[in-house]
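For reference, the chains in residue letters:
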Amino acid sequence: MHIPNRRFAIIIAVLLHVGSAYAQELGWNVHFHGFADNREYAKSGKYSHSILGARIAPEALLSLDSTHFLHAGINFLHEFGARPFDGTNISPTIYYNYRQRGHDFYIGMFPRKDLLDGYHRAILNDTLTYYRPNVEGMLWKYANNTFHQQVWIDWTSRQTETEREQFMVGFSGRVNLAPVYLSHQVTLWHDAGRKNNTDENEQPVRDNGAALAKLGIDLSDASFLDSLDISGGGIIAYDRLRGIYDWRTPKGFIADMYAEYRKIFIANTLYAGQGMDIAYGDRFYTADFYDRLELGWKPLQYKGLEGRFTLSFHFTQGAVDNQQQFTLQYNLGRLYPRQR
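A few words on the packing of aromatic side chains. A full pass over the atoms with the stated rule returns 16 aromatic pairs. On the basis of an interplanar angle of 75° and a centroid distance of 6.3 Å, the ring pair of Tyr 238 and Trp 247 is categorised as edge-to-face. For Trp 247, a relative accessible area of 39% corresponds to the partly exposed category. Every member of this aromatic cluster is reached through a ring pair, and the members are Tyr 41, Tyr 271, Phe 284, Tyr 285 and Tyr 290. Its guanidinium or amino end placed over the ring of Tyr 245, Arg 248 lies 3.5 Å from that ring's centre, counting from NZ or CZ. Residue placement shows Arg 308 over the ring face of Phe 265; its charged tip is 5.0 Å from the ring centre.

A few words now on the nonpolar core. Soluble, globular proteins show a tendency: their nonpolar side chains are buried together. In terms of nonpolar packing, the biggest core is built from 32 residues, with Leu 124 and Ile 235 touching the most fellow members. Mapped by element, the contributors of at least two residues to this core are strand S5 (103–111), strand S6 (134–143), strand S10 (206–218) and strand S11 (227–241). Filtering out sequence-adjacent residues up to four positions away, Leu 124 remains in contact with Arg 112, Leu 116, Tyr 119, Trp 152, Met 168, Tyr 280 and Gly 281.

The next subject is the pairing of S11. Among the 15 residues in S11, 11 count as buried, and that is most of the element. In terms of strand pairing, S10 meets S11 through 13 bridges, oriented antiparallel. The residue of S11 that forms the bridge with Leu 212 is Ile 235. Pairing of S11 with strand S13 (residues 251–261), which is carried by 10 bridges, proceeds in the antiparallel orientation. Paired with Gly 233 across the bridge in S13 is Ile 254. Bridging between S11 and strand S12 (residues 245–248) involves two bridges; their strand directions are antiparallel. Of the residues in S12, the one forming a bridge with Leu 241 is Tyr 245. The antiparallel hairpin formed by S11 and S12 contains three residues in its connecting segment, where Gly 243 sits at a positive phi of about 85°.

Cut-offs used in this document
- Residues numbered from 1 in each chain as written.
- Predicted model: local features only at pLDDT ≥ 70, side-chain atom pairs only at ≥ 80, totals over all residues.
- Heavy atoms only, no water.
- Phe/Tyr/Trp six-rings, centres within 6.5 Å; stacked < 30°, edge-to-face > 60°.
- Buried < 20%, exposed > 50% of the residue type's maximum accessible area, 1.4 Å probe, protein only.
- Lys NZ or Arg CZ within 6 Å of the ring centre and 35° of its normal.
- Core = buried A, V, L, I, M, F, W, Y, C linked by side-chain atoms within 4.5 Å.
- Helix = DSSP H or I, 4+ residues; strand = E, 2+ residues; numbered from the N terminus.
- Contact = heavy atoms within 4.5 Å.
- Pairing = 2+ DSSP bridges.

Here you go:
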């Protein structure tokens, strides 16, 4: 969703002016995300490309009390070298947030960060962080010291005469039985036709998604490392093209390991099973076997600032690809009021 710059600026200004007259407290934040991601995937036959750019997302908050919050801002992306600059990469951030007793509810266009960025790459690929930073829909979550559960819907395309109707729903959760935990992640993407479409060659309705369940153990407190987490479990994908083929349900096993000491980290993901065509998933999981090894360093860590460099190796049958990534994220400000 894109709004002409001038009109959108007027809308934001009016919201802030009217809301500030009734708000008991104001908050603000500016999120900066710079990235350089070079993907050398030719050996496995995947798409090699480089993604370089910067995103800035200023956001203001109006709170009526400690429960109800209204957010407004913009999200601007510029990819290095892109010309001409026409403002089409400016998107609105406008949402309502309810917070009370572990419940957290969002409706509007709200940041994906900290809400959906914990999904496994097999289900939601990390490119979404660059090109779709906001969810457009609703999300509810509940969390306490041992339990977390959330459900959400993201409307990715509104049906018109030229655009297909597309939306994704998902739910995920985790139960902590320290140091052991159980987690699950589920998504379903619905891709329907255009409005009033009579084209016989139009792709029929597609339903596509995946479900992942894992058992893990967090050994961070039992080792000299700052972080040590090991988990493994099963994943099943499901896909059908109505009138063309019925449900296809490939299955596989996934194991993950993450270890960090001071500013150095290592991560590994192993997948073995049947190739999976998950619409928003990482394309490496279309292979029957895949292993991803990440070696990383966090040279910058200070309050809301984190910079990290990651060297990744992608192992598939008969091929080894590589990827170099540097990201810098900085949060400056404070949105929510401090607890009294």
